[in-house]
Each structure stands twice: as structure tokens, then as C-alpha cells.
Amino acid sequence: MNRKFKLILIAAFVLIGVVAFLLVIRTPGEDASPQAEQKFLRVGPKEITIRNVTKDPVTYTLAPVGSNIKPIEKHLAVGAVERVPTTQTLVVAYQKNGREVSYSLYPGKPYSFRYDSSDQLDIWIGAHGREDAEDLAPFVPTPPEVVNKMLELAKADKDSVIYDIGCGDGRILVTAAKKYGSRGVGIDIDPVRIKESKANARESGVEKLVKFREEDATKTDISLATIVTLYLLSESNELLRPKLERELKPGTLIVTHNYIVPGWEDKEIDSATVMDKEGKSHSIFLYKR
Ligand SMILES: C[S@@+](CC[C@H](N)C(=O)[O-])C[C@H]1O[C@@H](n2cnc3c(N)ncnc32)[C@H](O)[C@@H]1O
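Remember, it's a predicted structure, so these values are computed and weren't measured experimentally.

Enquirer: When you look at helix α4 (residues 171-180) in this model, what are you seeing that I'm missing?
Expert: Residues three or four positions apart in an α-helix share a direction because the helix packs 3.6 residues into each turn. Those residues of α4 lying buried are Ile172, Leu173, Val174, Ala176 and Ala177. In the core, the buried residues of α4 are packed alongside α3 (144-153), β9 (161-165), β10 (183-188), α5 (191-203), β11 (210-214) and β12 (227-230). Immediately beyond the C-terminal end of α4, within one or two residues, lies Gly181, with a positive phi of roughly 75°.

Encoded structure:
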């Protein structure tokens, strides 16, 4: 074989190698397989998702409930989501206040490591298992007495345009539309909540006044609001603060249930405490942008 022919043969092999490499290797962002799409969906029935919304990496162990298997140690970076395929209930264990605590985690449910009110690590049920959106808070509805007081403090009326960020079953906006004729836009990432909200609006005959959108609230334009209602955790209110400052017109009222907007101490203009039917006390904070 002469030298020239050898060189052509080597070049052909290199070219075939490069083409094969490009065909096989795809970056994760380009992967459009059903499995890749699945990760943007809510948690599937045969998996548990665990998200770290704290400001520190979290170390924990997982083991099937009631088994003698040695628990597996895991590490979760800040903001990361771990998807655990399982049909079994798992036990999660981690250090809290210098001692080990453990909880059961159920398949089909999303969970989040958050700080509790004493700034200690804890695990809570989450709103979704998506990796492309913040988990602002799990669904916990505001009791009717608290909804009424929030709307009263914000002086809702027929000219108000109320945005409920993380609207749950839509009760705040449906109540405002029924009582005051206010218009409203509810945003929730959970399709089940949006369905409930639309059904509630229909039942109350206010579907012309309120709209509900299945969206990530951190990415929704809220600039048309005259009132914003929030029943989210403090760290979520803090995360949303730059967006509220950027998009809301001066004079917009922001009314929060139970959780303050950290960094807005100078914007707080009123507050109230309301007892619900079960005798539980709720705080309401009113801010002016
Ligand atoms: C505590 S509930 C509040 C429900 C309602 N605003 C109320 O006061 O009755 C919080 C809601 O935020 C939703 N949520 C969580 N993360 C979200 C996100 N990134 N975008 C939109 N909604 C989100 C949850 O699905 C849940 O319904």
C-alpha cells in the first residue's frame, strides 16, 4: 500500500468516526424523547421527587420503609431535583438541630427540603416535581374569613384587576368577582388547580370576570395588576420581590397571607389578624409598591 493511499484510508476512518459520534451524542437540551419531556411534567405515579429549595446543599439517606437494607446516602445541590423511580414508600432521614429525623415519602408525590420557621432543615410536601420551575408553595387554601379580610384590606372594587400568584382553587379571585365585581387573573402551575378554579368560576357565574392560566408564575407578566395576592412561603415572596418591583406600577397593593415579603419592611402599610372557624390565627400583610 503506498503512503498516499494509507493517508486517504486514515482520513476516511476519522471522518466516519466523527459522523458516528455526532449521530450518537446529543446534548440533554436537545433530547426530545418522551422520557426527556417527562421530566418537565409533574411527578409521575411511580416516582418521588425531592427538591432542595434551601440555600445549602443537603445530605440525607433513603431506604424502603420497613426494610433491613442499608440506607443510601444522597447529596442534593442547591436548587436541584432528585427523581427517585419507586412504587414503594421510602423513608428519608436527615440531620435537624443535631439529631436525625425521618419521614415517609409516598410514590407519586413531590417533596421539597425547605427551612422551617426556626431556619432549620425540614422536608415538606411540594406543589410539583418539575425541574424547569420554582416550587413556590404546596396547595393549602386560604380560609374564607381570611380571603374576605385580604380583599377588604386591599379595598377591592369593580375597577380592581387582581392577580393571584399561585391561585390554587381560585377562591380569592372568585370571591372578589362575586362580592365586588373585580376582574382577576389566577396563575397556577398545577393543571388540577386550574381546572378547579375554572369550575369554581363557572359555578359562581363569574367566568367573564376571571381568567385562570396554567403557567409558572415566576415567568408570567403581572404588570396589569392593581392588586396582587400571595399565599406563598417567605422565601418564595423573597424570590418574587425583584419581579414585583420591576413589573408592578407604583401604587399597586400587594396583600399576603401569613408570610411577609422579606426586604419590604418599609413598604408595609397595614396588617391584620384573623381567626378561622377552627380558631387558628392568620396574619395578613398589606404592602404598597
Ligand atoms: C398555598 S397555595 C395558595 C392558593 C391560593 N392562592 C389561596 O390562597 O387559597 C400555593 C399555590 O402555588 C402554586 N404554585 C407553586 N409553585 C408555583 C409556580 N412556580 N407557579 C405557579 N404556581 C405555583 C401551587 O400549585 C399552589 O396551588
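Picking up where we left off.
Enquirer: Which parts of the structure should I look at to understand the nonpolar core?
Expert: Considering soluble globular proteins, one finds that nonpolar side chains tend to be buried as a cluster. In this structure, Leu151, Ile162, Val210, Phe212, Val255 and Ile284 are the most contacted members of the largest nonpolar core, which totals 26 residues. If you list the elements that add at least two residues to this core, you get α3, α4, α5, β11, β13 (253-257), β14 (268-275) and β15 (281-288). In this structure, Ile284 is in contact with Val146, Lys149, Met150, Leu153, Val255, Thr256, Asp270, Ser271, Ala272 and Val274, ignoring residues within four places of it in sequence. If you look at the next biggest cluster of nonpolar residues, it comprises 22 residues, including Ile165, Leu233, Leu240 and Leu248.

Enquirer: Looking at this model, I keep getting lost on the site of the ligand. Mind explaining?
Expert: Close to the ligand lie 25 residues; Glu134, Thr142, Gly166, Asp188 and Ala217 are nearest. A distance of 2.7 Å separates a nitrogen atom of the ligand from a polar backbone atom of Glu134. Between a nitrogen atom of the ligand and a main-chain N or O atom of Leu136, the distance comes to 3.0 Å. Burial of the ligand by the protein amounts to 99% of the accessible area it has alone, namely 600 Å². Looking at the shell around the ligand, its residues break down into 13 nonpolar, 3 polar and 9 charged.

Enquirer: Which parts of the structure should I look at to understand the pattern of salt bridges?
Expert: A side chain of one charge can pair with a side chain of the opposite charge if their charged atoms are brought near each other. Considering all chains together, one arrives at 18 salt bridges under this definition. The salt bridge involving Asp216 is made with Lys219; its shortest N-O contact spans 3.0 Å. Accessibility expressed as a relative area gives 9% for Asp216, which makes it buried. Beyond isolated ion pairs, a larger network of salt bridges with shared partners links Glu47, Arg83 and Glu131.

Criteria and thresholds
- By convention here, each chain's residues receive numbers from 1 onward along its written sequence.
- Local features are withheld for residues below a pLDDT of 70 in this predicted model, meaning they are given only at 70 or higher, and side-chain atom pairs are given and counted only at 80 or more; totals for whole chains, interfaces and linings count all residues.
- Remark: hydrogens and water are excluded; side-chain values derive from all non-hydrogen atoms of the structure.
- Buried means the residue's accessible area, taken with a 1.4 Å probe over protein chains only, is under 20% of the maximum for its type, while exposed means over 50%, and partly exposed covers the values in between.
- Helix and strand labels come from DSSP, where a helix needs a run of H or I of at least four residues and a strand needs a run of E of at least two; each type is numbered from the N terminus.
- Two residues qualify as a contact provided that any one of their heavy atoms is within 4.5 Å of a heavy atom in the partner residue.
- Side-chain atoms within 4.5 Å are what join buried Ala, Val, Leu, Ile, Met, Phe, Trp, Tyr and Cys residues into a set we call a nonpolar core.
- Here, proximity means that at least one heavy atom of the residue falls within 4 Å of the molecule or strand.
- For the purposes of these results, a polar contact is taken to be a pair of N or O atoms within 3.5 Å, where, inside protein, one atom must be able to donate a hydrogen and its partner to accept one; residues adjacent in sequence count only when each atom of the pair is a side-chain atom.
- The Shrake-Rupley method, run with a 1.4 Å probe, gives the accessible areas here. Residue values count only the displayed protein chains as cover.
- Under the convention adopted here, Pro, Cys and the residues Ala, Val, Leu, Ile, Met, Phe, Trp and Tyr are nonpolar, Asp, Glu, Lys and Arg are charged, and Gly plus all remaining residues are polar.
- In what follows, salt bridge is the name for a side-chain nitrogen of Lys or Arg lying within 4 Å of a carboxyl oxygen of Asp or Glu.

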